[in-house]
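# An overview of the molecular structure
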Amino acid sequence: MAEKYEAPVELGDGVHWVGYTETDSVFRTNAYIITSGDEAALIDAGSAVYFDSMSKQIEQIVDVTKINYFIQHHQDPDLCASLPLWEKKIGPRKIYAQTKANILIWHYGVTSELVNVDDIGWELKLADRTLKFIFMPYMHSPGEIMTYDPKTKILFSGDIFGGLSMDWNLYANEYYMDAMESFMENYMPSSEIVNENLKRIDGLEISMICPQHGSIILKNDVDKAVKTLKELECGSYLYE
Ligand SMILES: [Fe+2]
Ligand SMILES: [Fe+2]
């Protein structure tokens, strides 16, 4: 049985999980919000299907008109299709993504300013922290990024480190590595690309990994999750 949460869950200073768990879908999504000063940044805004429930959940912790930034780790509909609905509700804001993702995000008909993180030094300054964007090309999208919050040491990883299972838990349990492997082996393109990109998080102090699907990986399991991903047979190898 999947766990149910109807309220946001605080993960660290100014950081909340605001996912949506009413559905029995195996492909459930997580979103996260960072509140900082008088502003907020919504990470991987979410699907159009879950917009009403997710926005109600977010309203429990922040006046949604304070959301000035949408951070989108890539362009897929499960994290971007709600963007036009958000714009209808609060007006155009700024969408932060890599250039190759923003080119496609534009096709949702958004009117927000599209900010290419690769053009602005891969960071977003908020009142009390500066978020760092980490390029992870082809994992699984050519413009893939992750977001690191140096204040809480949380790594927001998008589809990377995501997992799919009917028995969802907010925090990864002993079964999560299997759920992660079965999702990752289908979505990650090749072991070489995965290993080359993961060098960018070598030595990074990580308190938890917050993926867009599946469960949050706490500090004790971070090394295991990275090792699992590095050793994964994935993508093109499956079809040899
Ligand atoms: Fe995706
Ligand atoms: Fe996704």
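Each remark here, short or long, concerns the structure printed above.
Let us look at the structure shown here. (Residues numbered from 1 in each chain as written. Chains lettered and ligands numbered in written order. Predicted model: local features only at pLDDT ≥ 70, side-chain atom pairs only at ≥ 80, totals over all residues. Heavy atoms only, no water.)

### A look at the sheet that holds strand E13 (residues 217–218)
In space, the six strands of this open sheet follow the order E8-E9-E10-E11-E12-E13, with mixed pairing throughout. Single-partner strands in this sheet number two, and they are strand E8 (123–125) and E13. Two strands pair when backbone bridges link them, and strand E11 (residues 154–158) and strand E12 (residues 208–211) are joined in this way by four bridges, in the parallel orientation. Pairing of Phe156 across the sheet is with Cys210, part of E12. (Pairing = 2+ DSSP bridges. Helix = DSSP H or I, 4+ residues; strand = E, 2+ residues; numbered from the N terminus.)

### Section: the side chain of Ser141
Residue position: Ser141 is located in the loop between strand E9 (130–135) and strand E10 (145–149). Looking at Ser141, the relative accessible area reads 2%, which means it is buried. When residues no more than four places from it in sequence are discounted, the contact partners of Ser141 are His74, Gln75 and Met136. (Buried < 20%, exposed > 50% of the residue type's maximum accessible area, 1.4 Å probe, protein only. Contact = heavy atoms within 4.5 Å.)

### Re the pattern of salt bridges
For the structure on display, the rule yields twelve salt bridges. Across the pair Glu59 and Lys89 runs a salt bridge, and its minimum N-O distance is 3.1 Å. A residue pair is termed long-range when its members are at least 10 positions apart, and Glu59 in helix H1 (residues 51–59) and Lys89 in helix H3 (residues 83–90) qualify at 30 residues. The exposure class of Glu59 is partly exposed, given its relative accessible area of 38%. In this structure, Asp128 engages Arg129 in a salt bridge whose closest nitrogen and oxygen atoms are separated by 3.0 Å. For Asp128, a relative accessible area of 33% puts it in the partly exposed group. Judged by relative accessible area, Arg129 falls into the buried class, the value being 5%. The structure contains a network of salt bridges with shared partners spanning Asp13, Asp128, Arg129, Asp149 and Lys151. (Salt bridge = Lys/Arg side-chain N within 4 Å of Asp/Glu carboxyl O.)

### So, the pairing of E9
Across a regular strand the side chains alternate sides, sitting on one face of the sheet and then on the other. Judged from the three bridges that link them, E8 and E9 form a sheet pairing that is antiparallel. Looking at E9, one finds that Leu124 is bridged to Leu131. Between E8 and the antiparallel strand that follows it, E9, lie four residues. Two strands pair when backbone bridges link them, and E9 and E10 are joined in this way by four bridges, in the antiparallel orientation. Residue pairing across strands places Ile134 opposite Met146, the latter belonging to E10.

### Describing the state of the cysteines
Evaluated as defined, the whole model comprises zero disulfides. Among the cysteines around Cys80, which has no disulfide bond, Cys210 carries the closest sulfur, lying 18 Å off. (Disulfide = S-S within 2.5 Å.)

### So, unusual backbone geometry
Both trends apply: most residues other than glycine have a negative phi, and most peptide bonds are in trans. Cis geometry marks the peptide bond from Met139 to His140; its omega dihedral reads -5°. As for its placement among the helices and strands, His140 is situated in the loop between E9 and E10. At Trp122, a residue that is not glycine, the phi angle is positive and equals roughly 60°. Tracing the sequence through the fold places Trp122 in the loop between strand E7 (113–116) and E8. Despite not being glycine, Lys153 shows a phi value in the positive range, around 65°. Structurally, Lys153 can be placed in the loop between E10 and E11.

### Some details on the environment of Asp167
By the element assignment, Asp167 lies in the loop between E11 and helix H5 (176–187). Along the primary structure Asp167 and Trp122 are separated by 45 residues, whereas in three dimensions their C-alpha atoms are 36 Å apart. Beyond its immediate sequence surroundings of up to four residues, Asp167 is in contact with Met1 and Ala2.

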